[in-house]
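Spelled out, the chains give:
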Amino acid sequence: MGQLQVIDVIKHLGGNLIVNQVSFTVEEGEFFVLLGPSGSGKSTLLRLICGLEEIESGQIIVDGRDVSRVPPRERNLGMVFQDYGLYPNMNVYQNIAYGLEARGEKRAVIEERVPAAADRLGLSELLQFNVVDLSGGEQQRVALARAMVKDADAYLYDEPLSNLDPKLRHKARRDIMFVHREKRKPSVYVTHDQAEAFAMGDRIAVMGDGRLQQIGSTEDLIHNPASVFVAGFVGSPPINLIEGDIVTQNDRLHFTRERINLALPDKWKSPLGSYGSQRVVLGIRPDAFAKPGLSDEFEITFDNTIDGKVDFIEPLLGEAVVGLRVSDRINISATLDDSLAEQLIEGESMALGVNPDRILLFDIQTQQAIKPE
Ligand code: ADP
Ligand code: MG
């Protein structure tokens with residue numbers, strides 16, 4: 001009980017399959033983030049959950065109650081949208097109170113809850129202001145307060161911070177988490193911003209092309225991405241993805257492509273057994289590299305080194321992204337310590353060691369991860 005369940009939900013719009021058999025369960029008190037690129041179907045999925053769109057097949061269960069065919073108002077969900085969805089001809093108080101009034105809540109309840117929510121979100125001084133006179137951050141807090149006064153069974157947020165300045169966003173994140181902790185209800189939060197997803201989500205579901213590609217922690221998505229899509233979408237700077245062949249050399253499996261030749265740890269033997277000389281996609285995160293002689297995490301030998309020329313050096317805080325040009329077609333980016341990057345010169349030769357334990361491989365046909373033993 002207390003869960004939000006989405007079961008096998010399907011939706012076409014304009015003849016296209018927009019939500020493709022999506023299933024997930026959000027536990028009571030869990031903050032569940034739907035992360036995906038623009039156009040992947042996130043908003044449509046939220047609209048299906050709250051009933052603004054009708055599902056074609058599947059089920060939406062809120063706190064044990066099947067609301068799949070129930071009108072939006074009777075689903076008892078709290079919703080916060082990107083454009084806030086406030087009523088421009090009403091003041092702050094009326095906007096916060098609207099949902100309660102619409103469902104015929106007692107006056108005494110409204111008069112107690114609205115000022116309390118306004119107080120929590122720093123809106124007490126603004127109650128009589130027309131919402132159109134407020135800043136974006138203030139309007140967003142009104143939208144939050146309006147969701148907060150409801151005793152909803154679950155809360156849904158569709159990119160509520162996208163229209164805010166970066167500075168205000170951090171404060172607004174905390175406001176949302178504050179409301180969430182107070183309510184302890186299942187919450188679904190939609191964003192295309194991975195930093196936001198990592199900071200807020202108990203679990204993150206990556207959505208791509210109408211499907212849930214993977215559900216997991218930040219750790220899972222970075223270190224065990226389920227597909228090329230997840231590997232490529234999650235992580236910054238982006239992962240290096242290189243197509244190549246699996247070959248056997250001296251009884252060991254290697255990944256090869258042009259001048260790249262990497263020995264693979266034995267844990268790949270069995271899962272790659274059926275691959276013969278088939279092509280695969282190699283994935284290496286930028287932070288899985290080290291300069292020869294400088295890693296205490298893993299040994300660097302000719303078996304796990306990639307040679308190239310320094311293409312660019314892009315300083316970050318405390319580290320730098322270094323581009324390694326391996327060939328006309330292959331460029332790699334690696335994050336290295338600042339002090340190391342400082343010694344590099346664009347155009348000069350450089351070798352990088354690859355941490356063998358951080359190698360990821362994907363089936364080129366299915367684009368799904370090949371799992372080591
Ligand atoms: P997201 O929120 O992830 O950016 P949306 O759910 O808004 O994605 O949209 C997913 C896809 O569905 C997009 O390609 C969009 O053009 C399409 N879409 C959304 N609404 C409609 C509609 N009413 N009719 C036809 N296509 C739609
Ligand atoms: Mg959207």
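Keep in mind that what you see is a predicted model, and the values were worked out from it rather than measured.

1. What about the domain arrangement of the protein?
Next, step 1: For the protein, the domain assignment lists domain 1 (4-226) and domain 2 (240-363).
Next, step 2: Each of domain 1 and domain 2 has a C-alpha centre, and the two are 41 Å apart.
Next, step 3: With both sides pooled, the region where domain 1 packs onto domain 2 buries about 360 Å², and carbon together with sulfur makes up 58% of that total.
Next, step 4: Sorting the residues of domain 1 by area buried against domain 2 places Ile222, His223 and Pro225 first, and these three jointly supply 88% of that buried surface.
Next, step 5: Where domain 1 meets domain 2, there are zero salt bridges.

2. So, the side chain of Gln139
Next, step 1: Position of Gln139 relative to the elements: it lies in helix α4 (residues 136-149).
Next, step 2: Side-chain polar atoms of Gln139 contact the backbone oxygen of Val131, separated by 3.2 Å.
Next, step 3: Leaving out residues up to four positions away in the same chain, Gln139 has contacts with Tyr84, Leu86, Val131, Val132 and Leu134.

3. Points about the nonpolar core
Next, step 1: One finds Ile96 and Tyr157 to be the most contacted residues of the largest nonpolar core, which totals 46 residues.
Next, step 2: Per-element accounting of this core gives the leading share, seven residues, to α4.
Next, step 3: Residues in contact with Ile96, not counting those within four places in the same chain, are Val114, Ala118, Leu123, Leu127, Val142, Ala145, Arg146 and Val149.
Next, step 4: Ranked by size, the runner-up nonpolar core spans 32 residues in total, among them Ala334, Val354, Ile359 and Ile370.

4. Some details on the packing of helix α3 (residues 107-120) against α4
Next, step 1: α4 packs onto α3 with a crossing angle of 135° between their chain directions and a minimal axis gap of 9 Å. Considered as vectors, α3 and α4 are oriented oblique to each other. By crossing handedness, the relation of α3 to α4 is classed as right-handed. Contacts between α3 and α4 involve Arg113, Val114, Ala117 and Arg120 on the former and, on the latter, Ala145, Met148 and Val149.

5. Considerations on helix α1 (residues 42-50)
Next, step 1: Counted residue by residue, α1 has seven buried out of nine residues, so it is predominantly covered.
Next, step 2: For α1, every residue scored as buried is listed here: Lys42, Thr44, Leu45, Leu46, Leu48, Ile49 and Cys50.
Next, step 3: In the segment just after α1, Gly51 is the residue with positive phi, at about 95°.

6. Regarding the site of ligand 1
Next, step 1: Around ligand 1, the neighbouring residues are Leu13, Gly14, Ile18, Pro37, Ser38, Gly39, Ser40, Gly41, Lys42, Ser43 and Thr44.
Next, step 2: Interatomic distance of 3.0 Å between a backbone N/O atom of Gly41 and an oxygen atom of ligand 1.
Next, step 3: Within the side chain of Lys42, one N or O atom sits 2.8 Å away from an oxygen atom of ligand 1.
Next, step 4: Its free accessible area being 570 Å², ligand 1 has 57% of it covered by the protein chains.
Next, step 5: Broken down by class, the residue content of the shell around ligand 1 amounts to three nonpolar, seven polar and one charged.

7. A look at the packing of aromatic side chains
Next, step 1: A complete count under the given rule lists six aromatic pairs for this structure.
Next, step 2: Between Phe24 and Phe32, the aromatic rings sit 4.7 Å apart at their centres with planes inclined by 10°, giving stacked as the arrangement.
Next, step 3: Overall, Phe32 belongs to the buried group, its relative accessible area being 0%.
Next, step 4: On the basis of an interplanar angle of 45° and a centroid distance of 5.8 Å, the ring pair of Tyr157 and Tyr189 is categorised as tilted. With a gap of 32 residues between them, Tyr157 in strand β7 (residues 154-158) and Tyr189 in strand β8 (residues 187-191) connect regions that are remote in the sequence.
Next, step 5: Its relative accessible area of 1% is what places Tyr157 among the buried residues.
Next, step 6: On the basis of relative accessible area, Tyr189 is assigned to the buried category, the value being 0%.

8. Things to note about the side chain of Thr335
Next, step 1: Structurally, Thr335 can be placed in strand β18 (residues 331-337).
Next, step 2: A residue is classified by how much of its surface remains accessible, and Thr335, at 11% relative accessible area, is buried.

9. Comments concerning the pattern of salt bridges
Next, step 1: Under the defined criterion, the tally for this structure stands at 19 salt bridges.
Next, step 2: Put simply, Lys183 and Asp151 hold a salt bridge, and the shortest N to O gap is 3.9 Å. Taken together, the residues Lys183 in helix α5 (residues 166-183) and Asp151 in the loop between α4 and β7 connect sequence positions 32 residues apart.
Next, step 3: With relative accessibility at 18%, the residue Lys183 sits in the buried group.
Next, step 4: Residue Asp151 is classed as partly exposed on the basis of its relative accessible area of 46%.
Next, step 5: Notably, a salt bridge pairs Arg325 with Asp328, separated by 3.8 Å at the nearest N-O pair.

Definitions and cut-offs
Residues numbered from 1 in each chain as written. Chains lettered and ligands numbered in written order. Predicted model: local features only at pLDDT ≥ 70, side-chain atom pairs only at ≥ 80, totals over all residues. Heavy atoms only, no water. Domains from an automatic or database assignment. Buried area = accessible area lost by both parts, 1.4 Å probe. Salt bridge = Lys/Arg side-chain N within 4 Å of Asp/Glu carboxyl O. Helix = DSSP H or I, 4+ residues; strand = E, 2+ residues; numbered from the N terminus. Polar contact = N/O pair within 3.5 Å; in protein donor to acceptor, adjacent residues only side chain to side chain. Contact = heavy atoms within 4.5 Å. Core = buried A, V, L, I, M, F, W, Y, C linked by side-chain atoms within 4.5 Å. Buried < 20%, exposed > 50% of the residue type's maximum accessible area, 1.4 Å probe, protein only. Axes fitted to C-alpha atoms, helices over the stretch in contact; angles between N-to-C directions. Parallel < 35°, antiparallel > 145°, perpendicular 65-115°, else oblique. Left-handed = near helix turned anticlockwise from the far one by under 90°. Near = heavy atom within 4 Å. Areas by Shrake-Rupley, 256 points an atom, 1.4 Å probe, with all protein chains shown as cover. Nonpolar A, V, L, I, M, F, W, Y, C, P; charged D, E, K, R; others polar. Phe/Tyr/Trp six-rings, centres within 6.5 Å; stacked < 30°, edge-to-face > 60°.

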